[in-house]
Amino acid sequence: MEVLDTSIANVALPHIAGDLGASNEESTWVLTSYLVSNAIILPVSGWFVGILGRKRFFMICILIFTLTSLLCGIAWSLGFLLLARVVQGAGGGGLQPMAQAILADTFPPEKRGLAFSLYAVTAIVAPSIGPTLGGWITDNYSWRWIFYINLPVGIVALWLVYRLIEDPEYISKNVGRSLRVDYIGFGLLAVGVGALQILLDKGQEDDWFGSNFILTLAIIAGVCLVSLAIYEWNHKEPIVDVRLFKNLNFGTASMVMFMVGAISFASTVLMPQFLQTLMGYTAEKAGLVMSAAALVLLMELPLVGRLTTRIQGRHLIAFGWLALTCTMYLSTKRIDLQISFGSATWLRILQYVPLGFIFIPASTVAYTGVPGEKNNAVAGLINFMRNIGSSVGTSLVTTILARRAQFHQETLGAHATVVNPNFQGTIQALAEKLMHAGLSGHEAQRQALARFYQGLQAQATTLAYIDTYWVLAVCAGVMFFLSFTLAKNDLHKGRAVVLE
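All of the points below concern the structure found in this document.

Analysis parameters
Residues numbered from 1 in each chain as written. Predicted model: local features only at pLDDT ≥ 70, side-chain atom pairs only at ≥ 80, totals over all residues. Heavy atoms only, no water. Helix = DSSP H or I, 4+ residues; strand = E, 2+ residues; numbered from the N terminus. Buried < 20%, exposed > 50% of the residue type's maximum accessible area, 1.4 Å probe, protein only. Contact = heavy atoms within 4.5 Å. 1 Å grid on protein atoms, 1.4 Å probe; cavity = no way out; pocket = protein on both sides within 12 Å on 5 of 7 lines; lining within 4 Å. Points joined across faces, edges and corners; volume = space filled by probe spheres on them. Nonpolar A, V, L, I, M, F, W, Y, C, P; charged D, E, K, R; others polar. Expected span 1.5 Å × (residues − 1). Salt bridge = Lys/Arg side-chain N within 4 Å of Asp/Glu carboxyl O. Core = buried A, V, L, I, M, F, W, Y, C linked by side-chain atoms within 4.5 Å. Polar contact = N/O pair within 3.5 Å; in protein donor to acceptor, adjacent residues only side chain to side chain.

**With respect to the environment of Ala-476**
Alright, step 1. Looking at where Ala-476 falls in the secondary structure, it is placed in helix 20 (residues 441–482).
Alright, step 2. Given the relative accessible area of 0%, Ala-476 is considered buried.
Alright, step 3. Separated by 75 residues in sequence, Ala-476 and Leu-401 have C-alpha atoms that sit 19 Å apart.
Alright, step 4. Ignoring anything within four residues of it in the chain, the contact list for Ala-476 reads Ile-263, Trp-321, Leu-324 and Thr-325.

Below is the structure:
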């Protein structure tokens, strides 16, 4: 439910804006406010565990997330909804890493792949079905129900955690041992990550560094995050354990998870947007294309979980990146304005299937060579990297689409001139057909030019989608080679062994 909340509200924004008397631009803060507070809590969740204990922290997060879901549903103004979303994002920020850390501690290293295959269902599948589910709920009930549906799940989860989850000894014996609060570290983190998240969310909308607001955010984010890394590196009890990145294996796994977030969210944005804006699909029909891929992935994940007990994690990750490179390259050849529903569905399945071969082994490999007492910090940072990656990926493809569409429109438009006989012939032929349909000569000429320009824009935008898939293919190809820098894991004991 927490991962779903990062995407389920997207399609409901116009309804929220209309119901609460806000503009469409103001309503986008419903998403941004949640993502900012969520991103701030993720990397410090390990520190909270040291103060409160994991079970207690987990239950507090579930309680906050559930109660604020109710407040979001009953919100009577945009200001109150944004306040509730900020608190909801903070509560939700502790759920992902705690769930993953519990799995890491509960299962022995050689069986973590199987456990993480279940976790992958939430992390990969939920964002792809979020817009579809949100659209269906909004159309058939009300936007408020996208928040109300969290209530029964939250209540059941709270009861189950209370009854079934216990802290391991290394956590319970150290709870509250140090109650010192790293105010400087938390301040740098909150300001730096908050500025970065807003920058990524609003960058394209405000023309990036052409905007003084975005430029200021970039400077603030850069200064705060660099200062955070330096300060926490030398702090005895850091709120963010940046020294984990000294472990080359953990650093590489973090980069893998960053790119998983970037490419999975980028491709999740691209396909439905292409189908709805250029192919005329309804949100429901575009959602069917996305849901088919999610269903296939659901069947794939248990298989990949079992493979992690038999095949080196880095080899599975390398295969996943290679397959993703090929499918993104295939997308550049298959995306056009004549693509059928079936072809789009299969293309989306091919784009999504490789992610299971990357996410599960990368989640497993991230813990290789790291002491068990660091599991909570590892989970927090890994999930933080994936979430930031998703924001970067979404911003990247949105910007590439806008800029490349402008470029291609200018390039194609350069040939649509009065001195080009092909252009003149096309306009004349189209005008004659419209005249036969009953339009006057002047109106037929005007309509012909308008329809030609509409077609030119569609072609330019399609070429921009192709360029974007090319970028994703190159990124996946680079990650294929980076995969081999990961440590080999002992398939029987989960130990890190020296690279050969």
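**Notes on empty space enclosed by the protein**
One water molecule sets the probe size; rolling that probe over the atoms shows where empty space is left.
Alright, step 1. Taken as a whole and assessed by the stated rule, the structure comprises 1 cavity of 30 Å³ or more.
Alright, step 2. Of the volumes computed, that of the largest cavity is approximately 70 Å³.
Alright, step 3. As for the largest cavity, its lining consists of Ala-123, Ile-124, Pro-127, Val-260, Gly-261, Ser-264, Phe-265, Thr-268, Tyr-352 and Arg-386.
Alright, step 4. In terms of residue count, helix 14 (residues 248–277) provides more of the lining of the largest cavity than any other element does, 5 residues in total.
Alright, step 5. For the lining of the largest cavity, the class distribution of residues is 6 nonpolar, 3 polar and 1 charged.

**What about helix 17 (residues 341–365)?**
Alright, step 1. Between its first and last C-alpha atoms helix 17 spans 37 Å; for 25 residues at 1.5 Å apiece the expected length is 36 Å, and the two agree.
Alright, step 2. Among the 25 residues of helix 17, 19 are classified as buried, and the element is accordingly described as predominantly covered.

**Focus: the layout of surface pockets**
Alright, step 1. The volume enclosed by the second largest pocket comes to roughly 890 Å³.
Alright, step 2. Those elements that place two or more of their residues in the lining of the second largest pocket are helix 5 (54–73), helix 7 (95–106), helix 8 (112–140) and helix 10 (150–164).
Alright, step 3. In terms of residue count, helix 10 provides more of the lining of the second largest pocket than any other element does, 8 residues in total.
Alright, step 4. Residue composition of the lining of the second largest pocket, grouped by class: 23 nonpolar, 5 polar and 1 charged.

**Here's the deal with helix 14**
Alright, step 1. When the terminal C-alpha atoms of helix 14 are compared, their 43 Å separation across 30 residues agrees well with the 44 Å that a helix rising 1.5 Å per residue should span.
Alright, step 2. Summarising burial for helix 14: 23 of the 30 residues are buried, a large majority.

**Let's talk about the pattern of salt bridges**
Alright, step 1. Applying the stated criterion across every chain yields a total of 3 salt bridges.
Alright, step 2. Notably, a salt bridge pairs Asp-105 with Arg-54, separated by 2.6 Å at the nearest N-O pair. Linking Asp-105 in helix 7 with Arg-54 in helix 5, this pair joins segments that are 51 residues apart in sequence.
Alright, step 3. The salt bridge involving Glu-166 is made with Lys-55; its shortest N-O contact spans 3.4 Å.

**Regarding the nonpolar core**
Nonpolar side chains tend to gather and get buried jointly when the protein is soluble and globular.
Alright, step 1. Residues Trp-321 and Phe-359 are the most contacted members of the largest nonpolar core, which totals 99 residues.
Alright, step 2. Counting residues per element, this core draws most heavily on helix 14, at 13 residues.
Alright, step 3. Residue contacts for Phe-359: discarding those within four places in its chain leaves Tyr-119, Ala-120, Ala-123, Ile-124, Met-257, Val-260 and Arg-386.

**Topic: the side chain of Thr-332**
Alright, step 1. Residue placement: Thr-332 occurs in helix 16 (residues 313–334).
Alright, step 2. Only 2.5 Å separates the side chain of Thr-332 from the backbone oxygen of Tyr-329, close enough to count as a polar contact.
Alright, step 3. The contacts of Thr-332, once residues within four sequence positions are left out, are Ile-466, Tyr-469 and Trp-470.

**A look at the side chain of Arg-144**
Alright, step 1. Position of Arg-144 relative to the elements: it lies in the loop between helix 8 and helix 9 (145–148).
Alright, step 2. Engagement of the side chain of Arg-144 in a polar contact is seen with the backbone oxygen of Ala-75, the distance being 2.8 Å.
Alright, step 3. Arg-144 has contacts with Asp-19, Leu-20, Gly-73, Ile-74 and Ala-75, leaving out every residue within four places of it along the chain.

**Considerations on the environment of Ile-102**
Alright, step 1. Inspection of the secondary structure assignment puts Ile-102 in helix 7.
Alright, step 2. Remark: the alpha-carbon pair of Ile-102 and Asn-375, spanning 273 residues in sequence, is separated by 8.7 Å.
Alright, step 3. Those residues in contact with Ile-102 that sit more than four places away from it in its chain are Arg-54, Phe-58 and Ile-165.

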